[in-house]
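# Close look at the chain arrangement
Listed below, chain by chain, are the residues.
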Amino acid sequence: MRVNDNLEVPWSPGMTVRDLLRQCRFTYSLITVTVNGQVIRREEYDTYPIPPGAEVRVIHLIAGG
Amino acid sequence: MKILATRPERCTGCGACEIECARTWFKVDDKEKSRIRIFPPAKEGQPFRIVVCNQNGACIDVCPTVALKRAKNGVVQLNKSLCVGCLSCVGFCPNQAMFYHPDYTEPFKCVACGKCVDVCPEGALYIAEVADAPASVTDTWLQKEAV
Amino acid sequence: MSHHIAEMKAAHRLLAEFTYEKHPVQRGYTNRTLYINLSDNTIAGKPVSEEMKEKFTGGKGFGLWLLWHGIRDTTKWNDPENEIIISTGPIGGITTYPGTGKSLVVSLSPLTDSVMDSNVGGYFGPYLKFAGWDAIEIQGKAEKDVIIFIDGDTGRITIEEAPLEPVDTHLLTDILVQMYGGDDHHARRAISTVTAGSGAQHTRFGCLNFSWYDLRRRAARVKQAGRGGIGTVFRDKRIKALVVKFSDLKADSNGPADLGRLQRVGAKMHKEIHDYDDQQCGMRRHGTSYLVGIMNDYDLLPVHNFRYGSHPDGHKIDVKVWDARFTQGVPDGCWYGCTLSCSHAVDGFVLRTGPYKGQRVIVDGPEYENAAGLGANCGIFDPDYIIEANFYCDTYALDTISVGTAMAFAMECYEMGLIDKRATGGLDFRFGNAEAAIEAIHQMGRGEGFGAIIGQGVRRMKKIFAEQYGADPKILQDIGMEAKGLEFSEYMPKESLAQQGGYGLASKGPQHDEAWLIFMDMVNNQIPTMEDKAEALHYFPIWRTWFGLCGLCKLPWNDIVPPDNALTDEPAKIPEHVRNYVEIFSAVTGRQVTSEDLLLMSERVYNFQRVFNLRMGFGTREHDKIPYRAQGPVTVEEYESRAERYDKQLKALGYDVEKMSTPEKVAALRAHRESQYEKLVDAVYARRGWTKNGVPKVETLQRLGIDYPDVVEIVRRAGG
């Protein structure tokens, strides 16, 4: 499975968005997660299961000032 | 402390309180200048929404000029001469009960004067005596010795 | 006023006095600037033309325009002819929206020898405007230390010789708010000061401290115009302080065309911060300090002079520490109405070293840069050290970013054996040695020892180490994190080509105010092609420059986002906030503008600054080079710390990595990355309308309406 089209992440059955974020060490809070183009709400991170072969994007909104 | 308390289930949305308040404090019949606002029910079957300050004092700690202070009777008063009109208090009021209008550089809020109570035909408004609010963080700072 | 302060005041000698009529600010402008020459004590007003407002808007634009006309091509930073210009901008001074009180400072830099700009919070710029002046322009040099006092209440300006006040900021600011404000705290908040310190006198990276007043702590606090050494210029001119007084601030002091629109957008933004800051960046709790842990997690925290991106001790200086050390629940906004309130302080800190050892002080910070630069980059993960170093850098007026990056460089040179204790004067200058580091900072304050050498900055240290200690200049060049003479700020560009461009192509030097693209590039992978990167390196510097024309802070633009931002077309631009700024500019000036208009204002000033660099003898492609440490692994250790990632990249380029030694792989990766950078530079120059040598083309100047004869002359000479 590829995240942001540049990060290889091993998929496992039942993997949730939260599991994925942990695996990638994506600890930043201002993020938007889309799975196959659909925006997943923050409240669903712990429960939303990622289907195999999904296209996942985790966009960090961070721009430093 | 003294606050303006509400019985929203009795409110008919007549707006007499809004007009009386604006007339009292700004000498004009304009509900946009009232310190109490009535909004239609959020959903059918629900009461009118009465938005008015309950003197919780959250605003005291966000004011950059310490213009908001609790008077002896518990009412949070705005000192207009110190106010720079930043409206931080408007954004941070948990009840969205600090109001503003472009005719004035300072915002305004209910001070529990009771004039609206007198004109409400349904008894939806009353002055209540409630427990004092806890001291603000600001009070704690100002009671210390200056650095 | 205490007896002690009265004595200092009594010792003042009046050198010049100027009275003026006060007029209300009209739609963000007073339409005049203040000129002061300290060599002959001239004080005069200069008109602001419609052309100047149209083409240069304000803030940095005014600073560049005034400096352009005030100096010659050959002026040096320490010539009397050099100027320091401070200006806020047309939006600066409104109170209803967060982050609307910034000042922009422009001068020639002792580090880069070219034009420098630096932005800063605090009350000074807006108070100066409300006192009657869109900018203050200071030229010449005083014979002895002076204070310039602008009394905006009475319309009177004085230049006063001031022999007795100490120069270090934490003492001086406190004295001045009492001396010029009085005993009442509201009278003190009507005062704002600009001061430097003893470190600014002895290094090339002196900063300026701009004060604001904290009514709960009942103390003055300071923000910094950090980058570029303008504090050094300030002390070189024998300025002890600038003081402005303005008492009657109101929501409409800025003379807006439509206050109602400002109130509506401001109230909405305050509520957005109230509702979402806690779950987003927590700026109101800990400011930017939370970024230390994030950068550490993403392998982007500068560690050991930008060698590595993380450290196992990173958690020791992470946000949990700062949440506990910063006093909570006070509005820490550096201009009225900033509810993002990011300027936190450590209270009651007892200093353990230095001339003020034993004093209980308020420490303004640390922000991310200080924790990353003074701490992680130097291998020091001790919060108390960072707080103490932060304090002394502030009071001595040293740019914490330059201090951090310069000390990290010196430490690596020492660890690599390029210099030894002969050079350091006996200091064991290893990574992690907090005692040596704080002593070096005190030496900067005193102007002696190794600290004074570090205080020359990375560019000059490279020369000194090579010439005096026989250090290998090639290695020094590779690991010395400076470009154009300015030290890199505290983000790791090594794995982001876009950020390498963001740093290398920035007009002033590698400061991230122009572009901060690391995540967009490396993590989000949103700008994969060269064209995408070039577009980002056109848009974001232009957009971010706009804040410096108007007196705005960038943090409320992007360190808080509306809840539906993810669903917009271009979330990275935070479209609702861009619309807020369009609304604010229109409401203040009465000119209904679009976001394209804002970009055009900015593109003008951006290109003008590029030409200004050319004028001063820089500004071409060779000056946009960056050291290899900013681009990839210099050493075998660095390569091996990320071997998997680098091997993968080389494989993708067709290299047989199994058959290569690490030094061979280092060389191969370097050749590739250096050529990628050149391709990026080509793409960006083309997008910006510049030649292959980085010179703005005449047709670009014409499109922007800045094709003044002297500007065109300079680009033509350079092949534009």
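These figures come from a predicted structure and were not determined experimentally. (Residues numbered from 1 in each chain as written. Chains lettered and ligands numbered in written order. Predicted model: local features only at pLDDT ≥ 70, side-chain atom pairs only at ≥ 80, totals over all residues. Heavy atoms only, no water.)

## Focus on the overall build of chain C
Going by this rule: Under the DSSP-based scheme used, a helix requires at least four consecutive residues in state H or I and a strand at least two consecutive residues in state E, with every element numbered from the N terminus. Note on method: radius of gyration uses C-alpha positions; expected globular size equals 2.2 Å times residues raised to 0.38. Classification of residues uses two cut-offs on accessible area relative to the type maximum, computed with a 1.4 Å probe and protein chains only: under 20% is buried, over 50% is exposed, and between them is partly exposed.
Per the secondary structure count, chain C includes 31 helices and 17 strands. Against the compact-globule benchmark of 27 Å for 720 residues, chain C has a radius of gyration of 24 Å, which places it among compact chains. Along the first, second and third principal axes, the C-alpha atoms of chain C reach 80 × 55 × 55 Å. Classification of the 720 residues of chain C by burial places 69% in the buried group.

## Here's the deal with the packing of aromatic side chains
Applied cut-off: Two aromatic rings, drawn from Phe, Tyr or Trp (for Trp, its six-membered ring), form a pair once their centres lie within 6.5 Å of each other, and the interplanar angle then sorts them: stacked below 30 degrees, edge-to-face above 60, tilted otherwise. For a lysine, the NZ atom is tested; for an arginine, the CZ atom; a charge sits over a ring if that atom is within 6 Å of the ring centre and within 35 degrees of the ring normal.
If you walk through the whole model with that rule in mind, you get 51 aromatic pairs over all chains. For the pair Tyr127(C) and Phe246(C), a centre-to-centre distance of 6.1 Å together with 55° between the ring planes defines the contact as tilted. Here Tyr127(C) is found in helix α4 (residues 124-131), whereas its partner Phe246(C) is found in the loop between β13 (239-245) and α9 (259-276), with 119 residues between them in sequence. Judged by its relative accessible area of 10%, Phe246(C) is buried. Linked through ring pairs, Phe26(A), Tyr28(A), Tyr298(C), Tyr368(C), Tyr491(C), Trp516(C) and Phe519(C) together constitute an aromatic cluster. For Arg37(B), the ring lying beneath its charged end belongs to Phe99(B), and the centroid distance is 4.3 Å.

## So, the interface of chain B and chain C
To be explicit about the condition: Throughout, a contact is declared for two residues whenever any of their heavy atoms are within 4.5 Å. We define buried area as the total accessible area lost by two parts upon association, computed with a 1.4 Å probe and summed across both. Definition used for salt bridges: Asp or Glu carboxyl oxygen within 4 Å of a side-chain nitrogen of Lys or Arg. By the criterion applied in these results, polar contacts are pairs of N or O atoms within 3.5 Å in which, for protein atoms, one can donate a hydrogen and the other can accept it, and in which residues neighboring in sequence qualify only through two side-chain atoms. Side-chain classes are defined by residue name, with Ala, Val, Leu, Ile, Met, Phe, Trp, Tyr, Cys and Pro counting as nonpolar, Asp, Glu, Lys and Arg as charged, and the others, Gly among them, as polar.
Each side of the interface is counted separately: chain B has 34 residues, and chain C has 32 residues. Summed over both sides, the interface of chain B with chain C buries roughly 2700 Å², with 61% coming from carbon and sulfur. In terms of surface lost to chain C, no three residues of chain B exceed Val84(B), Phe92(B) and Trp141(B), which account for 25% of the buried area on that side. The salt bridge involving Glu106(B) is made with Lys250(C); its shortest N-O contact spans 3.4 Å. If you look at where chain B meets chain C, you find 13 residue pairs in polar contact (both at pLDDT 80 or more). Put simply, the parts of the chain that give the side of chain B that touches chain C at least two residues each are α2 (88-92) and α4 (137-143) of chain B. Here the residues of the side of chain B that touches chain C sort into 20 nonpolar, nine polar and five charged.

## Structural notes on the packing of helix α23 (residues 530-550) of chain C against helix α26 (residues 595-615) of chain C
Residues and elements named next belong to chain C. Rules: Helix axes are fitted to C-alpha atoms over the stretch in contact, other axes to C-alpha atoms as well, and angles between N-to-C directions run from 0 to 180 degrees. Should an angle lie under 35 degrees it is considered roughly parallel, over 145 roughly antiparallel, and from 65 to 115 roughly perpendicular; all remaining angles are considered oblique.
In contact at an axis separation of 8 Å, α23 and α26 are set at 90° when each is read in the N-to-C sense. As the angle between them shows, α23 and α26 are arranged roughly perpendicular. Seen from α23, the contacting residues are His538, Tyr539, Pro541, Ile542, Trp543, Thr545, Trp546 and Leu549; seen from α26, they are Leu598, Leu599, Met601, Ser602, Glu603, Val605 and Tyr606. When the residues that make up the contact of α23 with α26 are grouped by side-chain class, the tally is 11 nonpolar, three polar and one charged.

## Observations concerning the interface of chain A and chain C
Every contact between the two is made by 21 residues of chain A and, on the other side, 27 residues of chain C. Buried area between chain A and chain C, both sides added, is near 2200 Å², and the carbon and sulfur share of it is 55%. At the boundary of chain A and chain C, one finds one salt bridge. The salt bridge partner of Asp297(C) is Arg25(A), with a shortest N-O separation of 2.9 Å. At the junction of chain A with chain C, the criterion picks out 10 residue pairs in polar contact (both at pLDDT 80 or more).

## Some words on the nonpolar core
What counts is decided by this rule: Residues belong to a common nonpolar core when they are buried Ala, Val, Leu, Ile, Met, Phe, Trp, Tyr or Cys residues joined through side-chain atoms within 4.5 Å.
Counting residues in hydrophobic clusters, the biggest one holds 274 residues, and the most contacted among them are Ile150(C), Tyr385(C), Met407(C), Phe429(C), Ile441(C) and Trp546(C). The dominant element in this core, judged by the number of residues it contributes, is α23(C), at 12 residues. Excluding residues that lie within four positions of it along the chain, Phe429(C) makes contacts with Met407(C), Ala410(C), Met411(C), Tyr414(C), Thr424(C), Ala436(C), Ala437(C), Ala440(C), Phe450(C) and Ile454(C). If you look at the next biggest cluster of nonpolar residues, it comprises 20 residues, including Cys17(B), Ile36(B), Phe99(B) and Cys120(B).

## A short note on α4(C)
Buried residues dominate α4(C), accounting for eight of its eight residues. Once α4(C) ends, the next one or two residues include Gly132(C), with phi positive near 130°.

## Details of the sheet that holds strand β7 (residues 135-139) of chain C
Residue and element names in this part refer to chain C. Rules: If DSSP finds at least two bridges between two strands, the strands pair.
Pairing is mixed across the open sheet formed by six strands, whose spatial order is β3-β2-β7-β4-β5-β6. With one partner strand each, in any of the chains shown, β3 (42-47) and β6 (115-120) form the two edges of the open sheet. The sheet shows a mean angle of 20° between the axes of neighbouring strands, direction not considered.

## A closer look at the pairing of β7(C)
All names here are of chain C. Among the five residues in β7, five count as buried, and that is most of the element. Of the two faces of β7, the one carrying Ala135, Glu137 and Gln139 and the one carrying Ile136 and Ile138 are both buried. With four bridges connecting them, strand β4 (residues 84-87) and β7 associate as antiparallel partners. Bridging across to β7, Ile85 finds its partner in Glu137.

## Quick word on the sheet that holds β13(C)
Residue and element names in this part refer to chain C. In space, the seven strands of this open sheet follow the order β1-β9-β8-β13-β10-β11-β12, with mixed pairing throughout. A strand with exactly one partner marks an edge of an open sheet, and here the two such strands are β1 (13-19) and β12 (219-225). Adjacent strand axes in the sheet meet at a mean angle of 20°, parallel and antiparallel pairs treated alike. The strands touched by α4 are β8 (146-151), β10 (191-195), β11 (208-214) and β13; relative to β13, the strand with the most contacts, the crossing angle is about 60°. Along the sheet, helix α5 (residues 169-181) contacts β8, β9 (156-161), β10, β11, β12 and β13; its crossing angle with β10, the most-contacted strand, is approximately 145°.

## Regarding the pattern of salt bridges
Residues and elements named next belong to chain C. Across all of its chains, the model carries 72 salt bridges over all chains by this definition. With its nearest N and O atoms 3.0 Å apart, the salt bridge here joins Arg307 to Glu412. Taken as a pair, Arg307 in the loop between α11 (291-297) and α12 (319-325) and Glu412 in helix α15 (residues 400-415) lie far apart in primary sequence, 105 residues in all. Each member of the pair, Arg307 as well as Glu412, is classed as buried. Note that Lys692 and Asp682 form a salt bridge whose closest N and O atoms lie 3.5 Å from each other. On the criterion of sequence distance, the pair formed by Lys692 in the loop between α29 (662-688) and α30 (698-704) and Asp682 in helix α29 is long-range, its members being 10 residues apart. Looking at Lys692, the relative accessible area reads 60%, which means it is exposed. Its relative accessible area of 27% is what places Asp682 among the partly exposed residues. Shared partners join several salt bridges into a network, and the residues in it are Asp214, Arg217, Arg221, Asp332, Asp347 and Asp364.

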